[in-house]
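What the coordinates show
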Amino acid sequence: MPGLRAPSDYSEEPSRHPALKINAKAPFNAEPPRQALVSSYVTPTEFFYKRSHGPIPVVDDIERYSVSIKGLIEKPKEFFMKDILSLPKYNVTATLQCAGNRRTAMSKTRTVRGVGWDVCALGNAIWGGAKLADVLELVGIPKYTNTTPAGGKFVEFVSVDRCKEENGGPYKASIPLSQATNPEADVLLAYEMNGETLNRDHGYPLRVVVPGVIGARSVKWLDSINIDSQDCKGFFVQKDYKMFPPTVNWDNIDWSTRRPQMDFPVQSAICSLEDVNVGRHGKITVKGYAVSGGGRGIERVDISTDGGKTWKEASRYQKPGIQYVADDEKSDKWAWVLFEADVDVQSNTEIVAKAVDIAANVQPEKVEDIWNLRGILNTSWHRVHVQVRH
Ligand code: MTE
Ligand code: MO
């Protein structure tokens, strides 16, 4: 009986909340309704988006489950769950966002390839686990380093799930060793989500959480860690999750010309309204989320009620009732902020949100300008329409 195993079909899937909007059934891909997503700062696990590429793995015997660390290291080692649990535990509040978030809207300008997502392929959770930097120290890799004596530069995470993109092989991805060994980067091997044991959908028994980076690097159902001199050669690093210019199509694409995406760009979306809303004229409360990558906080969220001609600033918060201040030591640097603004709408109009991060990065205005064939990183101004009934 193995510790962690990948079923070959979808007969052993876990049960899920019926309110989730299912974008693909097998592999299971689902997101919460907009309103539910912004009704709390910490996303309840059942409403956290679920993104998988194959059947959800099963643990038959947790005592036998282990993660092996190998590659360019002096002391390859196997870690059982009790070894991971014996390390100092950290709780990191971090937003995970799929690079495909808001893909459906991008595909409306020109067709893209990939699972369609509305604006809720992200969530904010409290992840509990061991720091990867602490684990790597136990196999002889010191903290804060770019070069180990053995030449390792990347840390590859390998799972067990069977993905068609990997021809039935497991999902895998890598991050730079310098990030993995930096305690400040807060990369976790997480076994808890929101104070409870990680559930199967989100990577039980152990997953990687790489804060500030596209969700694809946070490998679930971890099986092994490989220290390498090069980036992972797998599909999800080399042939996916790269940002191509609008001129590149499926006939002229050369994947080797672009870098794998890491940090998420600045993003925001309105979640208190649908794409098209019909209502009475008067006051509307506009609520949503804003988040940037690399631990860059949100400096500002602007709201327009005239399609982007004039703007007003929204209030921002992480803890209810307390205005959020970027870079404040009391704020969660890896987490989204929720925003809220009361606006007055008297006639049919377009309400728009755009966020600015602490490096003064601003969301691009038009989706056409950032269109790419895989439909990733749609961070264009988020627009919703209001039709007023008098
Ligand atoms: N890890 C494995 N093993 N298999 C996967 O399919 N999907 C990745 C990442 N880790 C994936 C994975 C992608 S693309 C995203 S966006 C996040 O997990 C989604 O994490 P979640 O389902 O916990 O929200
Ligand atoms: Mo993703």
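The rules behind these values
- Every chain is numbered on its own, with residues counted from 1 as its sequence reads.
- To read the labels, note that chains go from A and ligands from 1, taken in the order they are written.
- Only residues with pLDDT of at least 70 get local features here, since the model is predicted, and only at 80 or more are side-chain atom pairs given and counted; chain-wide, interface and lining totals rely on the full set of residues.
- Water and hydrogen atoms play no part in the side-chain values, which are based on all heavy atoms of the structure.
- Aromatic pairs are defined between Phe, Tyr and Trp rings, using the six-membered ring for Trp, whenever the two ring centres lie within 6.5 Å; interplanar angles under 30 degrees are classed as stacked, those over 60 as edge-to-face, and all others as tilted.
- Secondary structure elements are defined from DSSP: runs of H or I of at least 4 residues count as helices, runs of E of at least 2 residues count as strands, and each element is numbered from the N terminus.
- In this scheme, a residue with accessible area under 20% of its type's maximum is buried, one over 50% is exposed, and one in between is partly exposed, where area comes from a 1.4 Å probe on protein chains only.
- Criterion for a charge above a ring: Arg CZ or Lys NZ at most 6 Å from the ring centre, at most 35 degrees from the ring normal.
- By definition here, a salt bridge exists when the distance from a side-chain nitrogen of Lys or Arg to a carboxyl oxygen of Asp or Glu is within 4 Å.
- We treat two strands as partners when DSSP finds at least two bridges between them.
- The criterion used for residue contact is that any of the two residues' heavy atoms lie within 4.5 Å.
- Polar contacts, as counted here, are pairs of nitrogen or oxygen atoms within 3.5 Å of one another; within protein the pair requires one atom able to donate a hydrogen and one able to accept it, and residues that are adjacent in sequence qualify only if both atoms are side-chain atoms.
- Any residue with a heavy atom positioned within 4 Å of a molecule or strand is treated as near that molecule or strand.
- Ten residue types, Ala, Val, Leu, Ile, Met, Phe, Trp, Tyr, Cys and Pro, are classed as nonpolar, four, Asp, Glu, Lys and Arg, as charged, and the remainder, Gly among them, as polar.
- Orientation is described by lines fitted to C-alpha atoms, with helices fitted over the stretch in contact, and by angles between N-to-C directions that extend from 0 to 180 degrees.

1. Observations concerning the packing of aromatic side chains
The full count for this structure, using the stated rule, is 9 aromatic pairs. Ring geometry for Tyr49 versus Trp117: centroids 6.2 Å apart, planes at 90 degrees, classification edge-to-face. Placement of the pair is Tyr49 in the loop between helix 1 (34–37) and strand 4 (50–51) and Trp117 in the loop between helix 3 (103–107) and strand 9 (122–131), with a sequence separation of 68 residues. Accessibility assignment for this pair places Tyr49 and Trp117 in one class, buried. Counting every residue linked through ring pairs, the aromatic cluster contains Phe48, Tyr49, Trp117 and Trp127. Sitting over the ring of Trp334, Lys333 keeps its end group 4.7 Å from the ring centre. Over the face of the ring belonging to Trp311 we find Lys354, whose NZ or CZ atom lies 3.5 Å from the ring centre.

2. Quick notes on the pattern of salt bridges
By the definition in use, this model includes 24 salt bridges. A salt bridge links Arg16 to Asp201; the shortest N-O distance between them is 2.8 Å. One end of the pair, Arg16, is in the loop between strand 1 (4–5) and strand 2 (21–24); the other, Asp201, is in the loop between strand 13 (196–197) and strand 14 (207–209), and 185 residues separate them in sequence. Between Lys283 and Asp342 there is a salt bridge, with the nearest N and O atoms lying 3.8 Å from each other. Taken together, the positions of Lys283 in strand 18 (residues 282–291) and Asp342 in strand 22 (residues 337–345) put the pair 59 residues apart, joining distant regions of the chain. The class of Asp342 is partly exposed, set by a relative accessible area of 38%. What you see here is one network of salt bridges that share partners, running through Lys21, Arg34, Asp118, Glu274 and Asp275.

3. Observations regarding the pairing of strand 16 (residues 267–270)
Of the two faces of strand 16, the one lined by Gln267 and Ala269 and the one lined by Ser268 and Ile270 are each fully buried. Direction of pairing for strand 16 relative to strand 18: antiparallel, over a ladder of 4 bridges. If you follow Ala269 over to strand 18, its bridge partner there is Tyr289.

4. A few points about the environment of Lys319
With respect to the secondary-structure elements, Lys319 resides in the loop between strand 21 (315–317) and strand 22. Among the residues examined, Lys319 registers a relative accessible area of 35% and is labelled partly exposed. Ignoring anything within four residues of it in the chain, the contact list for Lys319 reads Tyr41, Lys330 and Asp332. Within the structure, Lys319 has its side chain in polar contact with the side chain of Asp332 (distance 3.2 Å).

5. Re the site of ligand 1
The environment of ligand 1 is made up of 20 residues, and the closest members are His53, Asp161, His202, Arg207 and Lys220. One of the backbone N or O atoms of Tyr49 is found 2.7 Å from an oxygen atom in ligand 1. A distance of 2.6 Å separates an oxygen atom of ligand 1 from a polar side-chain atom of His53. Considering only residue class, the shell around ligand 1 consists of 9 nonpolar, 6 polar and 5 charged.

6. Some points on the environment of Ser331
Tracing the chain through its elements places Ser331 in the loop between strand 21 and strand 22. Distance in space between the C-alpha atoms of Ser331 and Gln318 is 7.4 Å, their sequence separation being 13 residues. Ignoring any residue separated from it by four or fewer positions in sequence, one finds Ser331 in contact with Gln318, Tyr324 and Val325.

7. Observations concerning the sheet that holds strand 3 (residues 29–31)
Across the sheet, 3 strands lie side by side as 2-3-4; this open sheet has antiparallel pairing. Edge positions in the sheet fall to strand 2 and strand 4, since each has one partner strand and no second. Taken together, the 3 bridges between strand 2 and strand 3 define a ladder with antiparallel strand orientation. Note on strand 3: the bridge partner recorded for Ile22 is Ala30.

8. A closer look at the sheet that holds strand 7 (residues 77–80)
Across the sheet, which stays open at both edges, the 5 strands sit in the order 7-6-15-10-11 with mixed pairing between neighbours. Either end of the sheet is taken by a strand with one partner, and the two such strands are strand 7 and strand 11 (172–176). Adjacent strand axes in the sheet meet at a mean angle of 20 degrees when their direction is disregarded. Judged from the 4 bridges that link them, strand 6 (residues 66–71) and strand 15 (residues 224–228) form a sheet pairing that is parallel. What sits directly across from Ser68, in strand 15, is Ser224.

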